[in-house]
Amino acid sequence: MKNARVISIITLTLIAALADSEPTLAKRHKAPPDPESIYAELTKAPAKDIARRNPLESDPEAIPAGDKLFQMHCAECHGEMAEGGKKAPSLLVDEVQKSTPGTLFWLLTNGVVRHGMPVWSKLPESQRWQLVSYLKSLAGPTKPTPDQGHTNH
Amino acid sequence: MQKETFAKMMNDYKMRQSRKYRFLFARLVIILSVIAAHAQESPYIVTYDHYLEEPGNLEVEYFSTFGTQRGGNDFHAFWSEFEYGATAWWTTEFYLDGQSTFNESTLFTGFRWENRFRLLQHEHLINPVLYIEYEQTSGADKILKEVEGHDVESDYATPNSIARQEHDHELEFKLLLSRNFHGWNFAENTLATKNLTGGNPWEFGYAIGASRPLALKASAHHCNFCPENFIAGVEMYGGLGDRNSFGLRDTSHYLAPVVAWNLPNDWTIRLSPGFGLNDNSHQFLLRWGLSREFSRFGEAISHLFGGRQ
């Protein structure tokens with residue numbers, strides 16, 4: 001009897017856990033998180049973080065390495081071309097592209113836990129700066145668009 | 001005649017059900033094979049850092065511990081973990097434990113169910129995570145996932161036939177503290193556990209760890225042996241006595257180098273030889289683990305049962 005109660009509690013919590021992830025059983029008909037509120041997180045970066053410069057700015061390896069890291073850790077939610085997906089917004093928009101490298105680094109480090117973006121401080125600082133280099137490169141003249149196809153480096 | 005028709009209908013129904021379950025199982029296998037996610041796992045086996053599973057991802061892990069045993073038979077304990085990221089601040093995990101004691105028997109020894117909650121939204125100097133676990137194990141459980149109270153080597157010398165008759169229902173709380181500094185991770189866990197069967201006092205334990213990737217920058221090409229794929233470190237864990245006799249004495253302590261190899265094809269391999277630091281500890285524990293992470297598991301389950309694509 002006691003075992004049945006414990007198993008019932010565990011089962012109900014596991015169902016709740018599955019239902020709480022987005023998009024899943026319970027939320028699949030709900031709208032994805034509002035991109036505006038997620039972009040608004042960028043404005044919360046402290047001044048000293050906004051002013052930080054990317055130490056790998058002139059490293060020619062930083063962009064291809066950042067591309068590799070992006071495909072490994074970010075593309076699953078933000079899309080292979082950073083165009084956005086069901087779970088996370090586009091990173092090609094002005095709100096992101098006009099942010100300073102320091103702001104993007106701050107956001108990567110702290111995540112947006114309330115909206116489902118995990119903290120990425122588990123990647124070493126250099127790798128987070130490589131990701132920032134890649135993200136900033138998307139705004140340049142060689143900015144890829146979804147119909148240009150994607151090349152892995 | 002009616003009986004025959006009924007039997008035929010039942011038979012058809014059973015066959016349809018069987019086909020349905022086989023179809024669902026095949027779909028699940030296909031889904032899992034295409035939703036692998038790249039992992040960046042810490043090398044710790046006992047210590048926890050403050051990173052939770054990414055939301056919607058499922059990590060399936062197998063761990064194994066070989067232990068030497070004075071006054072008894074050496075053993076091989078093993079456990080499986082199913083770790084699911086419910087949200088960016090909540091991870092839930094289910095364990096199944098077993099062990100095989102040489103010259104004795106192989107047993108299923110129980111299950112554990114743990115939940116970890118991130119307490120602060122942003123990264124701070126020190127990042128706290130609350131850990132709550134319920135476990136229902138037999139006295140023969142030997143996975144040594146933590147050391148608590150006055151756990152000593154001789155506790156594990158009891159033959160399986162006797163130890164399996166003891167049943168424990170435990171609640172365990174941990175405060176996980178962790179920070180990253182110049183590529184290093186430093187983690188400290190303090191645990192308090194209460195056996196719900198009998199009038200045992202609260203027992204305490206600790207685990208600390210430090211680790212660092214072999215390279216901090218990622219290379220620009222995909223590779224298996226790039227140094228950034230390897231994370232090495234060390235962890236130390238042991239008991240802190242109980243409410244009546246708190247302290248480092250009369251319990252066991254271990255020191256274990258740890259290494260994790262995060263493969264680009266979504267697998268992580270961990271290895272950790274552990275050494276007992278006093279006479280109450282097992283002299284040697286060899287642990288290893290294999291894990292694979294599946295992204296968007298919750299979404300896949302939803303699709304499996306007919307959810308929108």
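Predicted model only: the values in this text are computed from it and were never measured.

Novice: Please explain the overall build of chain A as it appears in this structure.
Specialist: A count of helical and extended segments in chain A gives eight helices and zero strands. For chain A, the N- to C-terminal ordering of α and β elements is α-α-α-α-α-α-α-α. Sorting the 153 residues of chain A into buried and exposed places 42% on the buried side. A fraction of 69% describes how many contacts in chain A between residues 6 or more apart in sequence connect residues 24 or more apart.

Novice: Sorry if this is basic, but what is going on with the overall build of chain B here?
Specialist: Helix and strand counts for chain B stand at three helices and 12 strands. Looking at the 309 residues of chain B, the share that counts as buried comes to 42%. Long-range contacts, defined here as pairs at least 24 residues apart, represent 63% of the contacts in chain B between residues at least 6 apart.

Novice: Where do I start with the sheet that holds strand β2 (residues 75-87) of chain B in this structure?
Specialist: Hydrogen bonds between backbone groups are what pair the strands of a sheet, and the pairing can be parallel or antiparallel. All names here are of chain B. If you walk around this closed barrel you meet the 12 strands as β1-β2-β3-β4-β5-β6-β7-β8-β9-β10-β11-β12, and the pairing is antiparallel. Averaged over all pairs of adjacent strands, the angle between their axes in this sheet comes to 20°, without regard to strand direction. Two strands pair when backbone bridges link them, and strand β5 (residues 127-138) and strand β6 (residues 167-181) are joined in this way by 12 bridges, in the antiparallel orientation. In the strand pairing of β6, Gln136 is matched with His169.

Novice: Sorry if this is basic, but what is going on with the nonpolar core here?
Specialist: If you look at soluble globular proteins, the nonpolar side chains tend to sit buried side by side. Membership of the largest hydrophobic core comes to 35 residues, with the highest contact counts inside it found for Leu91, Leu104, Phe105, Leu108, Leu131, Val132 and Leu135 of chain A. Excluding residues that lie within four positions of it along the chain, Leu91 of chain A makes contacts with His78, Ala82, Val96, Leu135 and Leu138 of chain A. Formed by 23 residues, the second largest nonpolar core is a distinct cluster that contains Tyr44, Tyr48, Ala256 and Leu285 of chain B.

Novice: It is not clear to me how the packing of helix α7 (residues 101-110) of chain A against helix α8 (residues 125-137) of chain A should be interpreted in this structure. Could you clarify?
Specialist: Any two packed helices are characterised by how steeply their axes cross, that is the angle between the axes, and by the distance between the axes. Residues and elements named next belong to chain A. Where α7 contacts α8, the axes come no closer than 9 Å and their chain directions differ by 125°. One way to sum up the angle between α7 and α8 is to call them oblique. The element α7 and its partner α8 pack so that their crossing is right-handed. Together, Pro101, Leu104, Phe105, Leu108 and Thr109 of α7 and Arg128, Trp129, Leu131, Val132, Leu135 and Lys136 of α8 make up the contact between the two elements. Residues belonging to the contact of α7 with α8 are distributed by class as follows: eight nonpolar, one polar and two charged.

Novice: Sorry, what's going on with the confidence of the model for chain B here?
Specialist: Regions with low pLDDT carry predicted coordinates that are not meant to be interpreted in detail. Across chain B, pLDDT averages 90, with 90% of residues at or above 70. Predicted complex, confidence summary: ipTM 0.83, pTM 0.83.

Novice: What is the right way to read the environment of Leu107 of chain A from this model?
Specialist: All names here are of chain A. For Leu107, the location among the structural elements is in helix α7. A residue is classified by how many C-beta atoms lie within 10 Å of it, and Leu107, with 24 of them, is buried. Leave out the neighbours within four places in its chain, and Leu107 touches Glu41, Leu42 and Ala45.

Novice: Looking at this model, I keep getting lost on the environment of Asn103 of chain B. Mind explaining?
Specialist: Residues and elements named next belong to chain B. If you trace the backbone, Asn103 turns up in the loop between β3 (90-101) and β4 (106-118). Given 8 C-beta atoms within a 10 Å radius, Asn103 is considered exposed. In sequence terms Asn103 and Ala218 are 115 residues apart; their C-alpha atoms lie 48 Å from each other.

Novice: Is there a simple way to explain the packing of helix α4 (residues 62-73) of chain A against α8 of chain A in this structure?
Specialist: Residue and element names in this part refer to chain A. Viewed as axis vectors pointing N to C, α4 and α8 meet at an angle of 100°, and their least axial separation amounts to 7 Å. Classified by the interaxial angle, the pair formed by α4 and α8 is roughly perpendicular. In contact with Ala62, Ile63, Ala65, Gly66, Asp67, Leu69 and Phe70 of α4, α8 contributes Gln127, Gln130, Leu131, Ser133, Tyr134 and Ser137. Taken together, the residues of the contact of α4 with α8 break down into seven nonpolar, five polar and one charged.

Novice: Help me out: how do you make sense of α4 of chain A in this one?
Specialist: Structurally, the α-helix is built with 3.6 residues per turn, so residues lying three or four positions apart point the same way. All names here are of chain A. Helix length check: α4, at 12 residues, gives a terminal C-alpha distance of 16 Å against a target of 16 Å (1.5 Å per residue), a fit within 8%. α4 sits mainly inside the fold: nine of its 12 residues count as buried. Looking only at α4, the buried set comprises Ala62, Ile63, Ala65, Gly66, Asp67, Lys68, Leu69, Phe70 and His73. Where the residues of α4 are buried, they touch α5 (75-78) and α8.

Rules of the game
Residues numbered from 1 in each chain as written. Chains lettered and ligands numbered in written order. Predicted model: local features only at pLDDT ≥ 70, side-chain atom pairs only at ≥ 80, totals over all residues. Helix = DSSP H or I, 4+ residues; strand = E, 2+ residues; numbered from the N terminus. Buried ≥ 20, exposed ≤ 12 C-beta atoms within 10 Å, placed from the backbone. Contact = placed C-beta atoms within 7 Å. Pairing = 2+ DSSP bridges. Axes fitted to C-alpha atoms, helices over the stretch in contact; angles between N-to-C directions. Core = buried A, V, L, I, M, F, W, Y, C linked by C-beta atoms within 7 Å. Parallel < 35°, antiparallel > 145°, perpendicular 65-115°, else oblique. Left-handed = near helix turned anticlockwise from the far one by under 90°. Nonpolar A, V, L, I, M, F, W, Y, C, P; charged D, E, K, R; others polar. pLDDT = per-residue confidence, 0-100. Expected span 1.5 Å × (residues − 1).

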